[in-house]
Number of protein chains: 2
Amino acid sequence: MMTDIEIADQAEMKPIKEVAEKIGLGEDDIEQYGKYKAKISLPVTAHPDKKHKLVLVTSINPTPAGEGKSTVLVGLGDALNQLGHQTIIAMREPSMGPVFGIKGGATGGGYSQVVPMEDINLHFTGDLHALTSANNTLAALVDNYIMRGNELGLDPRRIIWKRVEDVNDRALRNVVTGLGGLMQGVPRQTGFDITAASELMAILCLSTDLMDLKKRVGRIVVGYTYDKKPVTVAELGFADAITILLKDAIKPNLVQTLDHTPTIIHGGPFANIAHGCNSVLATKAALQLADYTVTESGFGADLGAEKFMDIKRRVLGKNPDAVVIVATVRALEYNGGVALADLKDEHLPELKKGMANLNRHIKNMQRYGVPLVVAINHFVTDTEAEIKLIEDNCKELGVNVVPVDAWAKGGAGTQGLAQEVVRLTDQQSDFHELYSLDATPEEKIRTIATKIYGAKDVEFSRTAKRQLKQFTELGWDKLPVCIAKTQYSFTDDKSQLGAPEGFTFHIRSLVPKLGAGFIVALSGNMMTMPGLSKVPAAVNMTIDKDGKITGLF
Amino acid sequence: MMTDIEIADQAEMKPIKEVAEKIGLGEDDIEQYGKYKAKISLPVTAHPDKKHKLVLVTSINPTPAGEGKSTVLVGLGDALNQLGHQTIIAMREPSMGPVFGIKGGATGGGYSQVVPMEDINLHFTGDLHALTSANNTLAALVDNYIMRGNELGLDPRRIIWKRVEDVNDRALRNVVTGLGGLMQGVPRQTGFDITAASELMAILCLSTDLMDLKKRVGRIVVGYTYDKKPVTVAELGFADAITILLKDAIKPNLVQTLDHTPTIIHGGPFANIAHGCNSVLATKAALQLADYTVTESGFGADLGAEKFMDIKRRVLGKNPDAVVIVATVRALEYNGGVALADLKDEHLPELKKGMANLNRHIKNMQRYGVPLVVAINHFVTDTEAEIKLIEDNCKELGVNVVPVDAWAKGGAGTQGLAQEVVRLTDQQSDFHELYSLDATPEEKIRTIATKIYGAKDVEFSRTAKRQLKQFTELGWDKLPVCIAKTQYSFTDDKSQLGAPEGFTFHIRSLVPKLGAGFIVALSGNMMTMPGLSKVPAAVNMTIDKDGKITGLF
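You'll find chain A entered in an unreviewed UniProt entry as Formate--tetrahydrofolate ligase, with Limosilactobacillus panis DSM 6035 given as the organism. Check the Pathway (unreviewed entry) section of the UniProt entry for chain A; it says "One-carbon metabolism; tetrahydrofolate interconversion."

Next up, the structure:
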């Protein structure tokens, strides 16, 4: 069997100019980055004769067994186009750090891939690098400000702006900077996050144009004064300089699938430690140019889809017309207690138990009032009895189940899902919000934890309680919340699979992200900088004189 | 008077495709990055009918008065083309960090500029970002290795591989990483350099192809074991992964001057803390495609030109056919003791005194046996008597002086210099090396310090002495040396202007750069990470809704 990279290598890509033309973008509407990548110039002109339908692809909680959400997403886009429904895919751009940690890219798999996959998974068009350097330029300016007189009285112990890198580097989680004496800065304890978790990444993803981005950058709170007043980037006078560094990164990137479906890849916040959705500008561009826009949100529907509905959707100004929840027999059985090594066999009782995970996600999405379908991503070990069990279960919840074979068959293996999606988007949907922005931050967190995660109660740490009070006093209480939580469980404990009940959800601390426009609530022991594994993927990679790579995916 | 950015904004650039065609590169030989930038695919095929002449532009020691070496370089390239001598410019790519510290770009000025100047001075085609992420991925892998068993016994106190950023961030010069407990890495003291000073930047600049780059990456020494044995990247198994991150960065970038002279910009090591020359691959590409290649080296001839002759030239396998030393009346008078504010007036006695600086650079370049010319970059305050004084002085050394007005008149103001350069390159040159690679590192450092800098003696610190012994025992003594020294003086004290004599030069410590293929010798108190000034350029920058920038240059 061929690997993803081998399949991608054999692809015959069309020049990106041709892909752009297909969706009405001429040579002056794009800037090419090589022959097969382009940035889309802003603003994009809407095509009023399009249907502007929006489909959101999400999944059950991820497991080591693999779900293949991106693969289904890409297959669905291809299938819709094959059936004559003009479609653009809008997805997130991968973070490079994890590529060197755990083998695997973020561009789909098999015959449902986006290409050129090596480029997209490495430096791509430089968006994450632009974010990293903008973020760290701001950090250097802040430290320099403290050293050079510090007129506003920024408290070095209360700087909350951290540096970032697109590298999995646990040694940078907690650092002391500014050592070495008088001319080397002011010593203080701080840390690095991964770029995908940065506020600038969230800002890039939620901005509606360059001036909105500048306004958001200006609103960033970098820290507090000795008398605990927040200090923003605008007050320090750095907003324009940081915006200059992001003037190209704000433009969405255009690539294609193996089947030449136009694919806009832009913005890549993680859904566990950030808001997990691609950029508003990218999704908007797709909506303006296509009958059907197929987009994704990160990890399970408890994280990515919740944040899509409660954060991104409010800025986008458009509700999804249909939701696809991706699951696999294997992942559901894993959720039901089967060990990874045993997943090749049929396990009906455990499958039935594991269904609880899917059921909760279904009910959660139904709560928003959006038509939905469950896609079972096919593995060769699946049995008819297993599929039937899932179908029967979902029928009780009024949801259709469609098996798909996106990996091995691409769009051809996903046409059934495409037909169901078209049917759903023709239905009347009746969207309702999970929470009102007028609710307090505490109420918002409680609503998400109890209604979406299924918690019985929420426990706030002493720090978090103090922050809830402080944020309200500062007038930051009307923002949505973005919960940082393990992707593996509905709870804040990654070992609790299935659909636990009666548990208490723990909030450790809050972080104001006024530029992004939300409050981050850190649960459990979530880290905002990943580490590398004992044998990182890096050690098995090779490159030869022609630039041919192995071991990357 | 218009600013550089205003002049550049008014430029009508040609599509980069057309610029490429002019030098025999078809659409398949380049990869476009937008309409006005491209990467040149490797390898480049030589055009055997070309003259392959190489001209090196260098200068006196820089002063706050400004010399305009890049401006003269660009003007010279334009002038040569205007006179019918087919020419390509090969220069370094700017580091982004200093752009936010001190106003000013590195793409020439006035009517002698390379465009698109904003792009080139900011993210350009992402080469420096690729280097940053490759460098820091390696750092993360090394720290992870120590935490995960550390089979080779790497001593955490003896790791010499530092992290880097393309940001002026003095707070990162000395840091403690790995804090926070068992799962957050192994605590150790380390620091960040600026990317332009990194060994990977030197490797990028000195590699002859992708496999040579991989070999060099493998040779990097990241640190020593507890029993003081060096450990290389190849031993750790990370060379391929790091090379993968540099597979595009290794390709030279093509842009154009305001006058459409093809300009290859690639690799940007600083000349004070690194080897200061653009990439061998870029210079080679230009040589293969042009009659005349005009290239530069950083800062004064004591730094950049010496490193060009003694480091880059050995890898390039081609001696310069002529050298241009750029000076200004103002800078020479500043070297003679005139205060910055008084430079608008005529100061013949101080000019005469300041000539000592130019004279030493002339004699140094003559030592290499290469024909040379002095270019006086014109300022409106220059008087005839001042120019005459310089001419008379240089005549005694057998060198012609050509005034140029590259800033205000572009190539038209630089044609006299172009004619003299053509005349010089037609002469027979008789190149001789400053030192043999067989000399010991101590001898090499003494040779550079006494013959080029004019030192009476060299004093090695206790650490440096120990390292000289250690490096010889390890068999690293046949490499050239790269001295890190202030650019403002021949000495290691930046306040000593002119041409000091009888001084002692101090070597603080050595750093092995086996991948780059040289030993760095740190003199005085040279920092490998710059800081920001009290009022950084960043605070005066603006960007509007159309992306128009002010205050950047």
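S.K.: What's the story with a negative patch on the surface in this structure? I'm lost.
M.R.: Residue and element names in this part refer to chain A. Together, Glu-18, Glu-21, Glu-27, Asp-28 and Asp-29 line one region of the surface with negative charge. Within the element layout of this structure, Glu-21 appears in helix α2 (residues 16–22). For Glu-21, a relative accessible area of 53% puts it in the exposed group.

S.K.: Explain the side chain of Asn-393 of chain B here, please?
M.R.: All names here are of chain B. Looking at the element boundaries, Asn-393 is found in helix α14 (residues 384–396). Under the relative-accessibility criterion, Asn-393 is labelled buried at 16%. Beyond its immediate stretch of four places on either side in the chain, Asn-393 contacts Met-355 and Asn-359.

S.K.: Is there a simple way to explain the sheet that holds strand β21 (residues 481–484) of chain B in this structure?
M.R.: Sheets are built from strands paired through backbone hydrogen bonds, the pairs being either parallel or antiparallel. All names here are of chain B. The mixed open sheet is built from four strands, whose spatial order is β20-β22-β23-β21. Here the strands that pair on one side only, and so sit at the sheet edges, are β20 (457–460) and β21. Here the average twist between neighbouring strands, direction ignored, is 40°. In the sheet, β20 pairs with strand β22 (residues 504–513) via four bridges, with the strands oriented parallel. The residue of β22 that forms the bridge with Phe-460 is Ile-507.

S.K.: So what exactly am I meant to see when it comes to unusual backbone geometry here?
M.R.: Glycine aside, negative phi is the norm for most residues, and most peptide bonds take the trans geometry. For the bond from Val-115 of chain A to Pro-116 of chain A, the omega torsion is 0°, close enough to zero to count as cis. Locating Pro-116 of chain A in the fold gives a position in the loop between β6 (112–115) and α4 (117–121). Residue Pro-43 of chain B is bonded to the preceding Leu-42 of chain B through a cis peptide linkage, with omega at -5°. Examined against the element boundaries, Pro-43 of chain B turns out to sit in the loop between β2 (38–40) and β3 (53–59). Here His-260 of chain A, not a glycine, exhibits a phi torsion of approximately 70°, which is positive. His-260 of chain A gets classed as buried once you look at its relative accessible area, which sits at 16%.

S.K.: So what exactly am I meant to see when it comes to the pattern of salt bridges here?
M.R.: Opposite charge on two side chains permits them to pair, given that their charged atoms come into close proximity. By the definition in use, this model includes 59 salt bridges over all chains. Lys-318 of chain A is the partner of Asp-321 of chain A in a salt bridge, and the nearest nitrogen-oxygen pair spans 3.0 Å. Residues joined by salt bridges that share partners form a network here, namely Glu-31, Lys-247, Asp-248 and Lys-251 of chain A together with Lys-37 and Asp-119 of chain B.

S.K.: For this particular structure, what's the right way to read the relation of the copies chain A and chain B?
M.R.: Rotating chain A by 180° about the axis while translating it 0.0 Å along that axis superimposes it on chain B, leaving an RMSD of 0.0 Å. The superposition operator between the copies reduces to a two-fold rotation axis. Using C-alpha coordinates, one finds that chain A approaches the rotation axis most closely at Tyr-33 of chain A, a distance of 2.1 Å. A share of 100% of the interface residues of chain A reappears at the interface of chain B, consistent with the copies meeting face to face through the same patch.

S.K.: Even after reading the chapter, I still don't get the environment of Asn-377 of chain A, so can you show me in this structure?
M.R.: Residue and element names in this part refer to chain A. Within the element layout of this structure, Asn-377 appears in strand β18 (residues 372–377). Separated by 177 residues in sequence, Asn-377 and Leu-200 place their C-alpha atoms 34 Å apart. When residues no more than four places from it in sequence are discounted, the contact partners of Asn-377 are Glu-67, Gly-68, Val-72, Val-326, Ala-327, Thr-328, Asp-382, Val-404 and Ala-406. For Asn-377, the side chain forms a polar contact with the main-chain oxygen of Glu-67, separated by 2.9 Å.

S.K.: I would appreciate a short explanation of the sheet that holds strand β7 (residues 154–159) of chain B in the present structure.
M.R.: All names here are of chain B. Spatial ordering of the open sheet is given by β7-β12-β13, a layout of three strands whose pairing is antiparallel. At either end of the open sheet lies a strand with only one pairing partner, and these are β7 and β13 (230–232). Sheet twist, expressed as the mean angle between neighbouring strand axes with direction ignored, is 50°. Across two bridges, β7 lies against strand β12 (residues 221–225) in antiparallel orientation. Bridge assignment links Ile-159 to a residue of β12, and that residue is Gly-223.

S.K.: What exactly am I supposed to notice about the nonpolar core here?
M.R.: Most often, soluble globular proteins have nonpolar side chains that are buried together. One finds Leu-358 of chain A together with Leu-358 of chain B to be the most contacted residues of the largest nonpolar core, which totals 272 residues. Among all residues touching Leu-358 of chain B, those that are not within four sequence positions of it are Ile-60, Ile-325, Ala-327, Leu-332, Val-374, Ile-390 and Cys-394 of chain B.

S.K.: I tried to follow the interface of chain A and chain B on my own but got confused; where do I start?
M.R.: Put simply, an interface is often sized by how much accessible area is lost when its parts join up. Each partner contributes to the interface: chain A provides 71 residues, whereas chain B provides 71 residues. With both chains or domains summed, chain A and chain B bury close to 6000 Å², and 62% of this area falls on carbon and sulfur atoms. When the area that chain A buries against chain B is broken down by residue, the three leading residues are Arg-170, Ile-244 and Ile-543 of chain A, summing to 11%. Summed over the shared surface of chain A and chain B, the result is four salt bridges. The partner of Arg-163 of chain A in a salt bridge is Asp-169 of chain B, and the shortest N-O contact between them spans 2.8 Å. Our count for the contact surface shared by chain A and chain B stands at 35 residue pairs in polar contact (both at pLDDT 80 or more). Counting residues per element, the ones that place at least two in the side of chain A that touches chain B are β1 (30–32), α4, α5 (127–147), β8 (163–165), β9 (175–177), α7 (210–219), α9 (239–244) and β24 (542–543) of chain A.

S.K.: Explain helix α7 (residues 210–219) of chain B to me, please; I cannot follow it from the model alone.
M.R.: Since the α-helix turns once every 3.6 residues, residues separated by three or four places project in the same direction. Of all 10 residues in α7 of chain B, seven are buried; the element is thus mostly enclosed. Among the residues of α7 of chain B, Leu-210, Asp-212, Leu-213, Lys-214, Arg-216, Val-217 and Gly-218 of chain B are the ones counted as buried. Those residues of α7 of chain B hidden inside the fold are in contact with β24 of chain A together with α6 (199–206), β13, α8 (233–236), α9 (239–244) and α11 (301–316) of chain B. Looking at where α7 of chain B begins, the residue whose side-chain oxygen comes 3.1 Å from the main-chain nitrogen of Met-211 of chain B is Asp-209 of chain B.

So, how was this worked out
- Residues numbered from 1 in each chain as written.
- Chains lettered and ligands numbered in written order.
- Predicted model: local features only at pLDDT ≥ 70, side-chain atom pairs only at ≥ 80, totals over all residues.
- Heavy atoms only, no water.
- UniProt positions renumbered as here; feature names shortened; annotations may be inferred.
- Patch = residues over 30% accessible without salt bridge, like charges linked within 9 Å, V, L, I, M, F, W, Y side chains within 5 Å.
- Areas by Shrake-Rupley, 256 points an atom, 1.4 Å probe, with all protein chains shown as cover.
- Salt bridge = Lys/Arg side-chain N within 4 Å of Asp/Glu carboxyl O.
- Lys, Arg positive; Asp, Glu negative; His and termini not counted.
- Charge placed at Lys NZ, Arg CZ, Asp CG, Glu CD.
- Helix = DSSP H or I, 4+ residues; strand = E, 2+ residues; numbered from the N terminus.
- Buried < 20%, exposed > 50% of the residue type's maximum accessible area, 1.4 Å probe, protein only.
- Contact = heavy atoms within 4.5 Å.
- Pairing = 2+ DSSP bridges.
- Axes fitted to C-alpha atoms, helices over the stretch in contact; angles between N-to-C directions.
- Least-squares fit on C-alpha atoms with pLDDT ≥ 70 in both.
- Polar contact = N/O pair within 3.5 Å; in protein donor to acceptor, adjacent residues only side chain to side chain.
- Core = buried A, V, L, I, M, F, W, Y, C linked by side-chain atoms within 4.5 Å.
- Buried area = accessible area lost by both parts, 1.4 Å probe.

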